[in-house]
Amino acid sequence: MDRLSGERTAAASDAFDPDAFLVVPARTFEDLRVGEVFRAPSRTLTDAHAAAFQTVSADNHPVHYDAEWARRHGHAAPVVHGLQVLAFTAPGATLFPHFIGEAFIAFLELSCTFLEEVHSGDTLYPALTITGLEHKGDDGVVITAATIHNQRGELVLSGRHTYLLRRQPSGEEPARP
């Protein structure tokens, strides 16, 4: 390495700020809008995913791993665990946490309804859609509809998430993307 290359490398690393290395520019509570959608990448579930979740959850119900038991009880195949499907709605599975940056305080609440069975081989398409923005003292509450569709366009999960975010201090202009 010559001296000039070393100087360029040192200068470049001196200017680099890991805290400023953002996937998208962070926004504030005030920048969010009802109707905005934050999607997660699609994911095709495999038997390996189901087996890994069974190990982690310690759920030993045969509906999740025994094809014959599942068929005898009216299922086309073993059913992917509902909590595993719900996990695909985690905010971190989408770009949402990148958009809200340091404004995030807490994940307050979630609820969901499982509408269709999910089986190994199904491809899931999760999304969070902002349905409400409420002021709560100095903070803000973001309410999202959590949905997951499968490869056939069927809605397999419908739910709701609620998050607590810091609001912009009064007197400061919100950042605009």
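Overview of the structure.

How each quantity is defined
Residues numbered from 1 in each chain as written. Predicted model: local features only at pLDDT ≥ 70, side-chain atom pairs only at ≥ 80, totals over all residues. Heavy atoms only, no water. Helix = DSSP H or I, 4+ residues; strand = E, 2+ residues; numbered from the N terminus. Buried < 20%, exposed > 50% of the residue type's maximum accessible area, 1.4 Å probe, protein only. Contact = heavy atoms within 4.5 Å. Patch = residues over 30% accessible without salt bridge, like charges linked within 9 Å, V, L, I, M, F, W, Y side chains within 5 Å. Areas by Shrake-Rupley, 256 points an atom, 1.4 Å probe, with all protein chains shown as cover. Salt bridge = Lys/Arg side-chain N within 4 Å of Asp/Glu carboxyl O. Phe/Tyr/Trp six-rings, centres within 6.5 Å; stacked < 30°, edge-to-face > 60°. Core = buried A, V, L, I, M, F, W, Y, C linked by side-chain atoms within 4.5 Å.

1. Comments concerning the overall build of the protein chain
Here's step 1: For the protein chain, the count of helices and strands is five helices and six strands.
Here's step 2: Relative to its 177 residues, the protein chain shows a buried fraction of 34%.
Here's step 3: Pairs at least 24 apart in sequence give 71% of the contacts found in the protein chain among residues at least 6 apart.

2. Description of a nonpolar patch on the surface
Here's step 1: A cluster of nonpolar side chains, namely Phe104, Phe107 and Leu110, defines an oily patch on the protein surface of about 250 Å² accessible area.
Here's step 2: Mapped onto the elements of the fold, phenylalanine 104 is located in strand 3 (residues 104-114).

3. Details of unusual backbone geometry
Here's step 1: Residue alanine 58 is not a glycine yet carries a positive backbone phi of 65°.
Here's step 2: By the element assignment, alanine 58 lies in the loop between helix 2 (47-57) and helix 3 (67-72).
Here's step 3: Alanine 58 sits in the exposed class, given a relative accessible area of 53%.

4. Some details on the packing of aromatic side chains
Here's step 1: One pass over the structure, following the stated rule, counts five aromatic pairs.
Here's step 2: Here the aromatic rings of phenylalanine 38 and phenylalanine 96 are separated by 5.0 Å at their centres, their planes lie at 70°, and the arrangement is edge-to-face. Taken together, the positions of phenylalanine 38 in strand 1 (residues 37-39) and phenylalanine 96 in helix 5 (residues 96-100) put the pair 58 residues apart, joining distant regions of the chain.
Here's step 3: Ring centres of phenylalanine 107 and tyrosine 163 lie 5.0 Å apart, and the angle between their planes is 55°; on these two criteria the pair is classed as tilted. Of this pair, phenylalanine 107 sits in strand 3 while tyrosine 163 is found in strand 6 (residues 155-166), placing the two residues 56 residues apart along the sequence.
Here's step 4: Overall, phenylalanine 107 belongs to the partly exposed group, its relative accessible area being 34%.
Here's step 5: Here the aromatic cluster, defined as three or more aromatic residues joined through ring pairs, consists of Phe38, Phe96, Phe99, Phe107 and Tyr163.

5. Some thoughts on the pattern of salt bridges
Here's step 1: Scanning all chains against the criterion turns up five salt bridges.
Here's step 2: A salt bridge links glutamate 68 to arginine 71; its shortest N-O distance comes to 2.8 Å. Within this pair, glutamate 68 and its partner arginine 71 are both found in helix 3, separated by three residues, close to a single helical turn.
Here's step 3: In this structure, aspartate 122 engages arginine 152 in a salt bridge whose closest nitrogen and oxygen atoms are separated by 3.7 Å. Here aspartate 122 is found in the loop between strand 3 and strand 4 (123-136), whereas its partner arginine 152 is found in the loop between strand 5 (139-150) and strand 6, with 30 residues between them in sequence.

6. Remarks on the nonpolar core
Here's step 1: Counting residues in hydrophobic clusters, the biggest one holds 14 residues, and the most contacted among them are Leu32, Phe38, Phe96, Val142, Tyr163 and Leu165.
Here's step 2: Broken down by secondary-structure element, the contributors of at least two residues to this core are helix 5, strand 4, strand 5 and strand 6.
Here's step 3: Setting aside anything within four residues of it in sequence, one finds leucine 165 in contact with Phe29, Leu32, Ile100, Ala103, Phe104, Ile105, Asp139, Gly140 and Val142.

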